[in-house]
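One letter stands for each residue in the lines below.
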Amino acid sequence: MAIPTDTLQQQEVKLSKDEIQRYSRHLIMPEVGMEGQLKLKRARVLTIGTGGLGAPLGLYLAAAGVGHLGLVDFDVVDSSNLQRQVTFTTADVGKPKSEAAKARLSALNPAIDIVSYETRLTSDNALDLFRDYDIIVDGTDNFPTRFLVNDACVLLGKPNVYGSIFRFEGQATVFGYPGGPCYRCLYPEPPPPGLVPSCAEGGVLGVLPGIVGSIQAMETIKLILGAGDPLVGRLLLFDALAMRFRELKLRRNPDCPMCGDHRTITKLIDYEEFCGIRGEEAPAMTDGIPEITATELKARQDRGDKLFILDVREPHEYQICNLNGKLIPLGELPRRVNELDSSVEMVVHCRSGKRSADAIHFLQTAGFKKLWNLKGGVLAWADEVDPRMPKY
Amino acid sequence: MAVKVMIPTPLRQFTGKQSSIECSAATVGEALGSLTGTFTDLRKHLFTDDGKIRSFVNVYLNDEDIRFLDKENTRTKDGDTISIVPSIAGGSRDDGK
């Protein structure tokens, strides 16, 4: 079941005395042995994203002696990453992730070749980037890039080791394996913006990407070795709270536009447009939504203006910081709209302004007129008005 | 037929935080109808306005995708498990803005 790659066979490589010692726990296992370790050394693996999933992936692939590792990430390390992105240390905050990850993995295993790509993966660069690698591992965090990774892998005939997480639930599988399904067989279309879980339910338990990323590392190594049964045609679901793994069947869809019998997608497309997103942080609906800045709001409150504050975040967010507003989470708003008085002037806010814009759009359709969206949410309030307020 | 519907994390906010719901239904469609009848906020997340299951939501009867069975008309039997598997994208960075 080994993947068909040119590089795995072509290069003549040997292990040095140091390498034999380093990999001795692999070498004494018949399933790996010298032959398997040399396959690992010849292998070329590209990881997309060096964050939560990319952290255990990179660490285990480097430690295992995967000879050529590519790391794609355009982001910089933020202190809020450290809760789960265990490749990075506090000293890395502010550094480019791909560079910081390369430094960490090189320190772990100086004998391997690591290339960092400090760039956003796009339809223009994906095929060129992928071409030099045998296996692509998808550790990204958004739908446009997931469809892009899938399509580029199918076009080039490369396996795509997939993992994704949400709060305390994970999914993993291998797409793009010869004869197996691709991401579009599972999800033909992306969810429209607004119907996906957003910041209201965001967040992730730090250990979860460690587990799912480790599963991706294991599947990558199995593909390289040709050992065992790859996670092809099976979607592994992991529920950390229940501590339960389940497995569902994944089938190649003969009508799949990407990998089906009659392929209709023959080149990479505009994935932001495909996913209905234009500019990652653009609020879904700003048209016709009046905004008030945190500074203006404070000034009006100081003048004694009676403004009703509606907070549409979740209760656990309210506990972190709040503006003493009435809390009705966005998801409960349709049911609880009768608790609100449409005759009073109302400022609606969330963390950064997107959910509150959605709430205002809803309230407008429900007949409310005196509405303001707090521009930038509590984050802007912390920046402009109250620097003691914690940001999250 | 008593069946169990597994609710994925992103949708538990609409089911009073319950991770699974037991209901009585002869088909997968009936089970989902019963579920969204009880938890009305869930409806728009599973169905389009004209009542079709959304394309980014997969529904499984036990370990089989109902698209490869009889879709919503797939018949259930006692003790079956229906899973709702929405697409999730999370990976490296914070999801929220």
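Residues numbered from 1 in each chain as written. Chains lettered and ligands numbered in written order. Predicted model: local features only at pLDDT ≥ 70, side-chain atom pairs only at ≥ 80, totals over all residues.

Describing the overall build of chain A
Counting its regular elements, chain A contains 16 helices and 13 strands. Reported as C-alpha extents along the three principal axes, the dimensions of chain A are approximately 80 × 50 × 40 Å. The long-range share in chain A, meaning contacts at least 24 apart out of those at least 6 apart in sequence, stands at 69%. (Helix = DSSP H or I, 4+ residues; strand = E, 2+ residues; numbered from the N terminus. Contact = placed C-beta atoms within 7 Å.)

Let's talk about the environment of A:G376
Residues and elements named next belong to chain A. Looking at the element boundaries, G376 is found in the loop between β13 (371–374) and α16 (377–384). The class of G376 is partly exposed, set by 18 C-beta atoms lying within 10 Å. Setting aside residues no more than four positions away along its own chain, G376 makes contact with A294, S352 and G353. (Buried ≥ 20, exposed ≤ 12 C-beta atoms within 10 Å, placed from the backbone.)

Considerations on the packing of helix α5 (residues 54–64) of chain A against helix α10 (residues 207–225) of chain A
Residue and element names in this part refer to chain A. Contact geometry of α5 with α10 gives a least axis separation of 7 Å together with a crossing angle of 35 degrees. With respect to the hand of their crossing, α5 and α10 are arranged in right-handed fashion. Listed contacts from α10 to G54, A55, P56, L57, Y60, L61 and A64 of α5 are G210, G213, S214, Q216, A217, T220 and I221. A breakdown of the residues in the contact of α5 with α10 according to their chemical character gives eight nonpolar, six polar and no charged. (Axes fitted to C-alpha atoms, helices over the stretch in contact; angles between N-to-C directions. Left-handed = near helix turned anticlockwise from the far one by under 90°. Nonpolar A, V, L, I, M, F, W, Y, C, P; charged D, E, K, R; others polar.)

Thoughts on the pairing of strand β2 (residues 68–72) of chain A
Residue and element names in this part refer to chain A. The element β2 is extensively covered by neighbouring structure, given that four of its five residues are classed as buried. Pairing between strand β1 (residues 44–48) and β2: five bridges, direction parallel. If you follow V45 over to β2, its bridge partner there is L69. In the classification by handedness, the crossover that spans β1, the intervening α5 and the parallel β2 is right-handed. The pairing of β2 with strand β3 (residues 113–117) spans five bridges and is classified as parallel. Paired with L69 across the bridge in β3 is I114. Tracing the backbone out of β2, into helix α6 (residues 97–108) and back to the parallel element β3 gives a crossover that is right-handed. (Pairing = 2+ DSSP bridges. Right-handed = clockwise from strand over helix to strand, strands pointing away.)

A short note on helix α1 (residues 28–38) of chain B
Working note: α-helix, 3.6 residues per turn, so residues spaced by three or four point in the same direction. Residues and elements named next belong to chain B. The set of residues buried in α1 consists of V28, A31, L32 and L35. When α1 is viewed along its axis, its buried side chains cluster within an angular range of 95 degrees and face the same direction. Where the residues of α1 are buried, they touch β1 (2–6), β2 (20–24), α2 (43–46), β3 (57–61) and β5 (81–86). (Arc of directions from axis to C-beta.)

With respect to the interface of chain A and chain B
Counting from both sides, the interface comprises 45 residues of chain A and, opposite them, 29 residues of chain B. Looking at the side of chain A that touches chain B, the elements that each hand over two or more residues are α8 (143–156), β5 (160–166), β6 (169–175) and β8 (244–249) of chain A. Considered class by class, the residues forming the side of chain A that touches chain B number 16 nonpolar, 15 polar and 14 charged.

Some thoughts on the sheet that holds β1(A)
All names here are of chain A. If you trace the eight strands from one edge of the open sheet to the other, you get β3-β2-β1-β4-β5-β6-β7-β8, paired in mixed fashion. If you trace the sheet from one side to the other, it starts and ends with β3 and β8, each paired once. Averaged over all pairs of adjacent strands, the angle between their axes in this sheet comes to 15 degrees, without regard to strand direction. With three bridges connecting them, strand β4 (residues 135–138) and β5 associate as parallel partners. Looking at β5, one finds that V137 is bridged to V161. Against the sheet, α6 contacts β2 and β3, and its axis sits at roughly 170 degrees relative to β3. Here α8 sits on the sheet and contacts β1, β4, β5 and β6; the angle it forms with β4, its principal contact strand, is near 165 degrees.

Concerning the confidence of the model for chain A
Mean pLDDT over chain A stands at 91; residues scoring 70 or higher make up 92%. The low-confidence segment residues 279–285 of chain A, where pLDDT is below 50, has twelve contacts with residues more than four positions distant or belonging to other chains. (pLDDT = per-residue confidence, 0-100.)

Topic: the domain arrangement of chain A
For chain A, the assigned domains are domain 1 (6–281) and domain 2 (283–384). Computed over C-alpha atoms only, the centres of domain 1 of chain A and domain 2 of chain A are separated by 39 Å. (Domains from an automatic or database assignment.)

Things to note about the confidence of the model for chain B
Residue and element names in this part refer to chain B. Per-chain confidence: chain B averages 88 in pLDDT, with 93% of residues scoring 70 or above. Per-element mean pLDDT across chain B ranges from 88 in α2 up to 96 in strand β4 (residues 64–65). Within the model, pLDDT remains below 50 along residues 92–97, and this stretch shows 26 contacts once partners closer than five positions in the same chain are excluded. Scoring the predicted complex yields pTM 0.83 and, for the interface, ipTM 0.86.

Here's the deal with the nonpolar core
Residues and elements named next belong to chain A. Ranked by internal contacts, the top residues of the largest apolar core, which has 73 residues, are V45, L61, V66, L69, I136 and C182. The leading source of residues in this core is α10, at eight residues. The residues touching L61, leaving out its near neighbours within four places in the chain, are V45, V66, L69, A217 and T220. With 23 residues, the next largest nonpolar core counts V312, M346, A357 and W381 among its residues. (Core = buried A, V, L, I, M, F, W, Y, C linked by C-beta atoms within 7 Å.)

Points about the packing of α5(A) against α6(A)
Residues and elements named next belong to chain A. Relative to each other, α5 and α6 sit at 30 degrees, their axes nearing to 9 Å. Here α5 lies roughly parallel to α6, going by the angle between them. Here α5 runs over α6; the crossing is right-handed. Each of G58, L59, A62 and A63 in α5 lies in contact with α6, whose residues at this interface are A101, L105 and L108. Residues of the contact of α5 with α6, tallied by class, amount to six nonpolar, one polar and no charged. (Parallel < 35°, antiparallel > 145°, perpendicular 65-115°, else oblique.)

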